[in-house]
Structures are given as C-alpha cells and as structure tokens.
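As a plain string of letters, each chain reads:
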Amino acid sequence: MRLRWRLSLAFILLQSLQWFPRGLAARVLTDTEDDGGAQGRLPWLNVSDLDALEVPGVAVDVPYRSALQELFTFPERRPFMTNLLVATVKTSFADVVVQVSLKVGASKVFDLRRTVVFALFGFLYIGVVEWLIYVRFFSWMCPHAVAFANEPWDLKLDDSFGQMDLAKQILFDNLVHYTCIYYPVFYTLKGLIQGGRVSVVEGLQQYARHFTEDNLLVWAIWLPGDVIVFSVPMWLRMLVNHGISFMWTMMLSYLRGDLENK
C-alpha cells in the first residue's frame, strides 16, 4: 500500500510538470531588452504554455521595464499561473498551521500524508479545477460576469444583468459546486492518499455522515464570501478567493483533516 501510494504520488507530480515553463531549472535571472523596450525580463516566467487556460478579459496587459516590475505585475498578467502557485502553497500551509497548533501541549505527531492531501487538493482541484469553474465555466454560463466584475463599483449598482449573473454564480457555487463536486473530490483524495484504514469508498461515506454539517458550514462562509469574490475585477477573483479560503481551509483541516474525522 505504501509503495503504491508513493508511485501514484510520483506519477501525479511528474505529470503536473508539463504545466510549468520548459527549461525552468536551466534559466537564470538576466537583463534583456525586447522589441517593446522591456528590460530585466524574467525568462523563466514565460508561461505561454498556459495561455490556453486564460480567458479574454481576465489577464491584464500591464507594461513593465524591470525585473521587479515584471514580478509585481505577474498576478495581473498571468492570473492562472498565480492562482496555481497560491492555491498549492495556501492550502498546504493552512494544514501545517493547524497541525502545528494542535501539537502544542499535545503528543500528536505531524502527519505528512495529511499535508500531502491538502497540497495535492490545492494544486489539482483548487488550482486547476476551480479556475476552470470560476473563470472559464462561469464566464460561459454568465455572459455578463466578466464585464460586471471589471466595472467600477458605481456602475455595478446599475447593472441589472450583471447582478443577475452575480446571483447565479453564488447559487451555483454553493448549491452545486461545493455540495456535489468540492466535497466528494476532497473526501475521495483524502481516502486515496491517507489509505490504510480509510478507503475511497469509506471517505465518501464519511462525507455522507457529515453532509448536513459540512454544507451548512460552507454556506455560512461562502454565501457572503462569494458576493465579494464575484464582484472584484476578474484578475483579482482567485486571489480574493484564496484570502477567504485560507481561513476556510484551516477550518476544514481542523474538522476533517484527521484520518478518522472528529
């Protein structure tokens, strides 16, 4: 079981490397000048392979003239890559914070597999799947969502079509996404990686036992939270989502992170 788990984890990590810029390890920070006069470019931040996941109206074409400016404008220019990195670090770090805090004054041993669950969940699901849901799918399902999000706040108050799309996104996120997709994926990944006494089927059975409690909790956090998330400019959407999600993930780690739920 342990060998199979390690091989599966290695396979997932190797497959995920194809999403990152080629030649990352071989490149160094250099000052160059292109046709646009941009100096100090970071060639290893060339993430053109990820352009297929970007959505028109989300990324912002921000000019820069130094490596520092390129770094600071990276979230606006490459929101998907930023989301991927932040999702992985934020989700795993939230679990680490909870585990360390629970160890204070106790004899608990740090559970690395538990942190791996949250790291992979952050990378694969929150980093990729939620981007596809929140940005690509919602942009298709709600045609006024991008324009509404990018409008100034005073115009949002008069945009009835945008407000309707805002309501649709909030309802779909809470009643469909979290209930039918987010939790099942989390419990499945949890059962798969933690293994041993808890199988994938038993992981889903845990969700069934905690169905009402889990969903009431997520609705209490994300019904009001989504009002903000789906109202800010599109390039900022996932970053604001991560800010709220950090606190939410610590709650999820505390309540459902153990091999056997509380």
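Thresholds applied
Every chain is numbered on its own, with residues counted from 1 as its sequence reads. Residue-level local features of this predicted model are given only where pLDDT is at least 70; pairs of side-chain atoms are given and counted only at 80 or more, and the full residue set underlies all totals for whole chains, interfaces and linings. Excluded from the side-chain calculation are hydrogens and water; included are all heavy atoms of the structure. Put simply, two rings from Phe, Tyr or Trp (the six-membered ring, in Trp's case) pair if the centres are within 6.5 Å, and we call them stacked under 30 degrees between planes, edge-to-face over 60, tilted for the rest. Only runs of H or I of at least four residues qualify as helices and only runs of E of at least two qualify as strands under DSSP, and these elements are numbered from the N terminus. Relative accessibility thresholds used throughout: buried, under 20% of the residue-type maximum; exposed, over 50%; partly exposed, between the two (1.4 Å probe, protein chains only). Only when the NZ of Lys or the CZ of Arg is both within 6 Å of the ring centre and within 35 degrees of the ring normal is a charge said to sit over the ring. Note on method: axes are straight lines fitted to C-alpha atoms, helices fitted across the in-contact stretch only, with angles between N-to-C directions ranging 0 to 180 degrees. For classification, angles of less than 35 degrees are called roughly parallel, those exceeding 145 degrees roughly antiparallel, those between 65 and 115 degrees roughly perpendicular, and all remaining angles oblique. Put simply, a crossing is left-handed when the front helix is turned counterclockwise from the back one by less than a right angle, and right-handed when it is turned clockwise. Polarity classes work like this: nonpolar for Ala, Val, Leu, Ile, Met, Phe, Trp, Tyr, Cys and Pro, charged for Asp, Glu, Lys and Arg, and polar for all others, with Gly in that last group. Should any heavy atoms of two residues lie within 4.5 Å, those residues are considered in contact.

(A) Quick peek at the packing of aromatic side chains. Inspection of every chain in the model, using the stated rule, returns 22 aromatic pairs. For the pair Phe 93 and Phe 246, a centre-to-centre distance of 6.0 Å together with 20° between the ring planes defines the contact as stacked. Of this pair, Phe 93 sits in helix H4 (residues 79-103) while Phe 246 sits in helix H11 (residues 234-256), and the two are 153 residues apart along the sequence. The exposure class of Phe 93 is partly exposed, given its relative accessible area of 45%. Taking the relative accessible area as the measure of exposure, Phe 246 reaches 22% and is therefore partly exposed. Relative to Tyr 125, the ring of Phe 121 lies with its centre 5.2 Å away and its plane at 5°, an arrangement referred to as stacked. Here the residue Phe 121 and the residue Tyr 125 both occupy positions in helix H5 (residues 112-141), the gap between them amounting to four residues, near one helical turn. Each member of the pair Phe 121 and Tyr 125 is classed as buried. Over the ring of Phe 148 we find Lys 156, and its NZ or CZ is 5.6 Å from the ring centre. Cation over ring: Lys 156 sits above Trp 153, and NZ or CZ is 4.8 Å from the ring centre.

(B) Seen up close, the packing of H4 against H5. Interhelical geometry of H4 versus H5 gives an angle of 150° and a closest axis separation of 8 Å. Comparing their axes, H5 and H4 come out roughly antiparallel. Read as a crossing pair, H4 and H5 show a hand that is right-handed. Each residue belonging to the contact of H4 with H5 can be placed in one class, and the counts come to twelve nonpolar, eight polar and three charged.

(C) Quick look at the packing of helix H8 (residues 160-194) against helix H10 (residues 211-229). Where H8 contacts H10, the two axes come as close as 10 Å, and the packing angle between them is 140°. The angle between H8 and H10 places the two elements in the oblique class. Viewed along their axes, H8 and H10 form a crossing whose handedness is right-handed. Note on element contacts: H10 touches H8 through Phe 211, Asp 214, Asn 215, Val 218, Trp 219, Trp 222, Leu 223, Asp 226 and Val 227, opposite Leu 166, Ile 170, Asp 173, Asn 174, Leu 175, Tyr 178, Thr 179, Tyr 183 and Tyr 187. Its residues assigned to classes, the contact of H8 with H10 shows twelve nonpolar, three polar and three charged.

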